[in-house]
There are 2 protein chains.
Amino acid sequence: MSKYWSEITKSIEPYVCGEQPKDKKYVKLNTNENPYPPSPKVLEAIRNAANADLRLYPDPNCDELSETIAKYYNLDRNQVFIGNGSDEVLALSFLAFFNTNETIIFPDISYSFYPVYADLYNINYRLAKLEEDYSIPVGDFMTENGGIVIPNPNAPTAKCLDIASIKKILDYNSNKVVIIDEAYIDFGGTSVLSLIKDYSNLLVIQTLSKSRSLAGIRLGFALGQEELIDGLNRIKNSFNSYTIDRVAAIAAVEAIKDEEYFKECVSKIINTREKVIEKLMVLGFNVVPSKANFIFVSHSTCSAKELFTKLREKGVLVRFFNKDRINNYLRISIGSDEEMDFFIEKVKEIVDELKD
Amino acid sequence: MSKYWSEITKSIEPYVCGEQPKDKKYVKLNTNENPYPPSPKVLEAIRNAANADLRLYPDPNCDELSETIAKYYNLDRNQVFIGNGSDEVLALSFLAFFNTNETIIFPDISYSFYPVYADLYNINYRLAKLEEDYSIPVGDFMTENGGIVIPNPNAPTAKCLDIASIKKILDYNSNKVVIIDEAYIDFGGTSVLSLIKDYSNLLVIQTLSKSRSLAGIRLGFALGQEELIDGLNRIKNSFNSYTIDRVAAIAAVEAIKDEEYFKECVSKIINTREKVIEKLMVLGFNVVPSKANFIFVSHSTCSAKELFTKLREKGVLVRFFNKDRINNYLRISIGSDEEMDFFIEKVKEIVDELKD
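Residues numbered from 1 in each chain as written. Chains lettered and ligands numbered in written order. Predicted model: local features only at pLDDT ≥ 70, side-chain atom pairs only at ≥ 80, totals over all residues. Heavy atoms only, no water.

Before going further, it helps to spend a moment on the pairing of strand β3 (residues 103-107) of chain A. All names here are of chain A. Of all five residues in β3, four are buried, a share of seventy percent or more. In the sheet, β3 pairs with strand β4 (residues 124-128) via five bridges, with the strands oriented parallel. The partner of isoleucine 104 across the bridge, within β4, is tyrosine 125. As for the winding sense of the linkage, the β-α-β connection from β3 through helix α5 (residues 114-120) to β4 is right-handed. (Buried < 20%, exposed > 50% of the residue type's maximum accessible area, 1.4 Å probe, protein only. Helix = DSSP H or I, 4+ residues; strand = E, 2+ residues; numbered from the N terminus. Pairing = 2+ DSSP bridges. Right-handed = clockwise from strand over helix to strand, strands pointing away.)

Here is the structure:
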């Protein structure tokens with residue numbers, strides 16, 4: 001603790017991201033990265049972007065990328081906001097739409113960055129307790145509040161909420177912004193994007209980090225009616241005019257355009273996921289139904305913590321949350337077939353060892 | 001104004017960056033960009049970074065880049081903080097070190113983003129009025145305050161403050177953070193980096209946007225004692241874990257390493273600057289002494305606004321601030337010799353026209 005820190009610096013509990021170890025090579029199933037490389041067209045575009053223009057500031061509005069995303073999703077250009085990863089888009093959204101003297105709501109088991117954003121900006125929050133089966137408790141979001149954040153599919157549970165339920169929440173909260181964080185939507189869920197035209201309070205946030213294999217370039221975006229996007233731009237332009245570099249913007253355009261490659265990668269990941277779920281169930285695992293590129297599992301006899309530690313020793317990284325209600329679960333990213341075969345082999349060894 | 005906006009979104013006056021017009025080709029002397037391309041080694045490194053690793057998150061701590069910068073400046077790795085451009089570093093610093101109930105000080109004529117950051121986080125501020133010759137009024141920073149921000153050289157005046165004066169300010173404010181924004185330091189000023197070992201309250205902020213020709217990749221950094229860097233990391237990790245993408249981090253490492261290229265570009269810009277100043281003085285301009293890659297000038301008879309408008313018509317963009325005390329000045333970035341010859345030619349035409 002330093003005397004130079006502001007009150008908020010002293011009190012904040014920063015977010016801790018999944019480890020990126022450098023000590024040895026792991027099968028890395030801990031940060032929901034895509035096992036497949038970015039589209040070859042993305043890589044080619046990056047190589048072409050390595051030119052003298054990098055001496056110039058980027059377009060602060062990311063016009064070309066915004067237009068590309070708008071066209072892809074059949075929206076207007078001014079219904080798109082671009083940020084430095086969906087984490088930045090979320091952080092700016094909290095500041096743009098939520099007030100310090102009101103109480104926002106998000107699920108108790110959810111993306112653990114939400115309470116950190118709230119604390120950073122002194123925003124109160126109430127946790128909506130997930131049902132026993134990890135479903136979103138829709139009724140809990142139909143009480144007075146200062147705004148709502150729901151990830152769909154939820155993380156780390158991987159469970160989806162149906163559109164009818166989200167509509168109910170949007171209807172009840174017509175004067176408050178409802179953020180639907182769709183970071184994982186491309187792996188089998190149904191997006192609420194079609195509701196944007198009818199709901200001025202709906203903000204949808206997506207990312208290129210997962211389904212488009214571009215965690216390394218930091219690109220997220222928000223979609224919503226123009227007044228919400230304007231609000232986000234006001235805050236962004238009071239924080240950092242140019243959050244997206246020239247190379248990332250060019251790469252992102254190509255990633256959105258190459259739909260065929262995107263669909264192929266996503267479909268491979270979904271196939272792998274279903275095979276892995278079957279195998280884990282045979283080994284005595286309980287698996288929460290997943291519409292994401294990860295699964296949330298617990299074992300009937302082996303503790304999650306023990307599995308986590310032993311998997312690490314055997315060269316496989318997964319995510320364990322030492323937190324009430326989920327501390328007997330592991331979140332496992334879906335890698336390639338080869339990586340998941342290796343993972344299943346190691347799990348089998350551990351389960352067998354612990355049986356003895 | 002939307003009912004969905006937070007109080008801060010409603011009240012904030014966002015920063016307006018220099019225009020990036022797309023209507024036609026201009027000689028662009030309005031955003032202090034470097035006229036020379038990034039080092040060829042930087043471009044090569046970017047081409048090599050276009051690979052499958054982009055599917056993975058970047059190193060959240062930018063270890064390799066931090067170590068490279070630390071080594072270059074003879075500091076410890078823990079004395080370096082990396083951000084998405086120096087604008088982001090500044091924004092995070094305001095939140096990390098300044099409190100809402102205290103009053104910080106910065107110059108009245110200065111980087112116009114400072115008051116925006118302060119407003120964004122509800123931090124009070126007092127403006128220190130520059131002397132008539134645009135010098136920093138050192139005594140004004142030796143009064144009770146909640147923190148200090150001084151750009152050195154100052155922008156848009158281009159004027160430098162000597163180290164002895166900065167030392168006085170650091171001594172007086174030993175319990176408060178003093179930020180010295182050295183965005184333009186490489187063009188002839190003397191950095192205060194050597195004071196870091198003696199002053200735990202000193203935070204120095206620099207950028208690769210100007211002297212290293214990389215405005216397009218968004219890379220800034222802060223240097224200071226470990227407790228300040230820790231504070232910045234606490235705030236950054238409560239906002240966005242991965243602000244620097246893989247490509248930018250790799251490019252930045254090469255930019256720092258290629259000292260020879262850097263020195264060559266900087267020396268060309270300084271030479272051009274001195275030649276331009278001479279020519280402008282012959283044409284009846286008053287030029288504030290510059291240690292930056294831009295100059296701040298006014299003419300004895302032509303108004304700055306008229307010059308700005310006519311230059312734009314003739315294809316030259318410069319920066320005009322419609323603000324008390326500087327609204328008869330233009331800020332002109334130093335381009336290549338060819339660009340500046342074109343600029344001088346156009347200025348001459350305008351001055352001659354207005355004489356008639």
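Here the narrative resumes, following the displayed structure.
This part is about the packing of helix α4 (residues 85-97) of chain B against helix α7 (residues 226-236) of chain B. All names here are of chain B. Packing of α4 against α7 leaves a shortest axis separation of 9 Å and a crossing angle of 100°. What the angle tells us is that α4 and α7 run roughly perpendicular. On α7, the residues that touch Val89, Leu92, Ser93, Leu95, Ala96 and Phe97 of α4 are Leu228, Gly231, Leu232, Ile235 and Lys236. Among the residues making up the contact of α4 with α7, the classes are represented as eight nonpolar, two polar and one charged. (Axes fitted to C-alpha atoms, helices over the stretch in contact; angles between N-to-C directions. Parallel < 35°, antiparallel > 145°, perpendicular 65-115°, else oblique. Contact = heavy atoms within 4.5 Å. Nonpolar A, V, L, I, M, F, W, Y, C, P; charged D, E, K, R; others polar.)

A separate point is the domain arrangement of chain A. Residues and elements named next belong to chain A. You can read the domains of chain A as domain 1 (7-37 + 260-355) and domain 2 (40-258). Placing the centre of domain 1 and that of domain 2 at their C-alpha centroids yields a distance of 24 Å. Facing the 32 residues of domain 1 at the interface are 34 residues of domain 2. Buried surface at the junction of domain 1 and domain 2, summed over both partners, amounts to about 2800 Å²; 62% is from carbon and sulfur atoms. Looking only at domain 1, the three residues that lose the most surface to domain 2 are Tyr15, Phe262 and Arg325, adding up to 27% of its buried area. The interface formed by domain 1 and domain 2 holds one salt bridge in total. We note a salt bridge from arginine 325 to aspartate 108, for which the minimum N-O separation is 2.7 Å. Between domain 1 and domain 2 we count 14 residue pairs in polar contact (both at pLDDT 80 or more) in total. Elements with a minimum of two residues in the side of domain 1 that touches domain 2: α9 (259-282) and β10 (294-299). Top element by residues in the side of domain 1 that touches domain 2 is α9. It accounts for seven residues. Looking at the side of domain 1 that touches domain 2 residue by residue, the classes come out as 19 nonpolar, five polar and eight charged. (Domains from an automatic or database assignment. Buried area = accessible area lost by both parts, 1.4 Å probe. Salt bridge = Lys/Arg side-chain N within 4 Å of Asp/Glu carboxyl O. Polar contact = N/O pair within 3.5 Å; in protein donor to acceptor, adjacent residues only side chain to side chain.)

This brings us to the interface of chain B and chain A. With 84 residues of chain B at the interface, the matching set in chain A holds 84 residues. Taking both sides of the interface into account, the surface hidden between chain B and chain A amounts to around 7000 Å²; carbon and sulfur atoms contribute 56%. Here chain B is connected to chain A by 47 residue pairs in polar contact (both at pLDDT 80 or more). For the side of chain B that touches chain A, the elements supplying multiple residues, two or more each, are α1 (7-11), α2 (40-49), α4, α5 (114-120), α7 and α8 (246-257) of chain B. Of all the elements, α4(B) adds the most residues to the side of chain B that touches chain A, at seven residues. The residue inventory of the side of chain B that touches chain A, partitioned by class, reads 42 nonpolar, 23 polar and 19 charged.

This part takes up the nonpolar core. Judged by nonpolar contacts, the single largest core of 114 residues is most densely connected at A:Leu223 and B:Leu223. Contacts of A:Leu223, omitting those with residues within four sequence positions, involve A:Ile69, A:Tyr73, A:Leu75, A:Gln79, A:Val80, A:Leu193, A:Ile196, A:Leu202, A:Leu203, A:Val204 and A:Ile229. One finds A:Phe98, A:Ala215, A:Ile235 and B:Tyr121 within the second-largest nonpolar core, a separate group that totals 82 residues. (Core = buried A, V, L, I, M, F, W, Y, C linked by side-chain atoms within 4.5 Å.)

Let us look at unusual backbone geometry. Residue and element names in this part refer to chain A. Of the consecutive residues alanine 155 and proline 156, the connecting peptide bond is found in the cis state with omega at 10°. Tracing the chain through its elements places proline 156 in the loop between β5 (148-151) and α6 (163-172). Here the phi dihedral of alanine 158 falls at roughly 75°; this positive angle occurs in a residue that is not glycine. Relative to the helices and strands, alanine 158 resides in the loop between β5 and α6. Since its relative accessible area comes to 0%, alanine 158 is described here as buried. Backbone geometry places arginine 218, a non-glycine residue, at a positive phi of 60°. As for its position among the elements, arginine 218 is in the loop between β7 (202-207) and β8 (220-224).

The next thing to look at is the pattern of salt bridges. For the structure shown, the criterion picks out 30 salt bridges over all chains. Where B:Glu274 meets B:Arg273, a salt bridge forms, and the shortest distance between an N and an O atom there is 2.9 Å. A salt bridge links B:Asp341 to B:Lys279, with the shortest nitrogen-to-oxygen separation between them at 3.5 Å. Of this pair, B:Asp341 sits in helix α11 (residues 337-355) while B:Lys279 sits in helix α9 (residues 259-282), and the two are 62 residues apart along the sequence. Residue classification places B:Lys279 among the partly exposed residues on the basis of a relative accessible area of 37%. Within this structure, A:Lys314, A:Glu345, A:Lys346, A:Glu349 and A:Glu353 form a network of salt bridges that share partners.

Here the focus is the packing of aromatic side chains. In total, this model carries 37 aromatic pairs over all chains according to the counting rule given. Ring geometry for B:Tyr111 versus B:Tyr114: centroids 5.6 Å apart, planes at 85°, classification edge-to-face. Relative to B:Tyr329, the ring of B:Phe296 has its centre 4.7 Å away and its plane inclined at 15°; by these criteria the two rings are stacked. A residue pair is termed long-range when its members are at least 10 positions apart, and B:Phe296 in strand β10 (residues 294-299) and B:Tyr329 in the loop between β12 (319-320) and β13 (330-333) qualify at 33 residues. Across this residue pair, the class does not change: B:Phe296 and B:Tyr329 are buried. Here a set of aromatic residues connected by ring pairs shows up, and it is made of A:Tyr15, A:Phe94, A:Phe98, A:Phe106, A:Tyr111, A:Phe113, A:Tyr114, A:Tyr117 and A:Tyr125. Above the face of the A:Tyr36 ring, A:Lys268 is positioned so that its terminal group lies 4.0 Å from the ring centre. Taking NZ or CZ as reference, A:Arg331 lies 5.7 Å from the ring centre of A:Phe294, over its face. (Phe/Tyr/Trp six-rings, centres within 6.5 Å; stacked < 30°, edge-to-face > 60°. Lys NZ or Arg CZ within 6 Å of the ring centre and 35° of its normal.)

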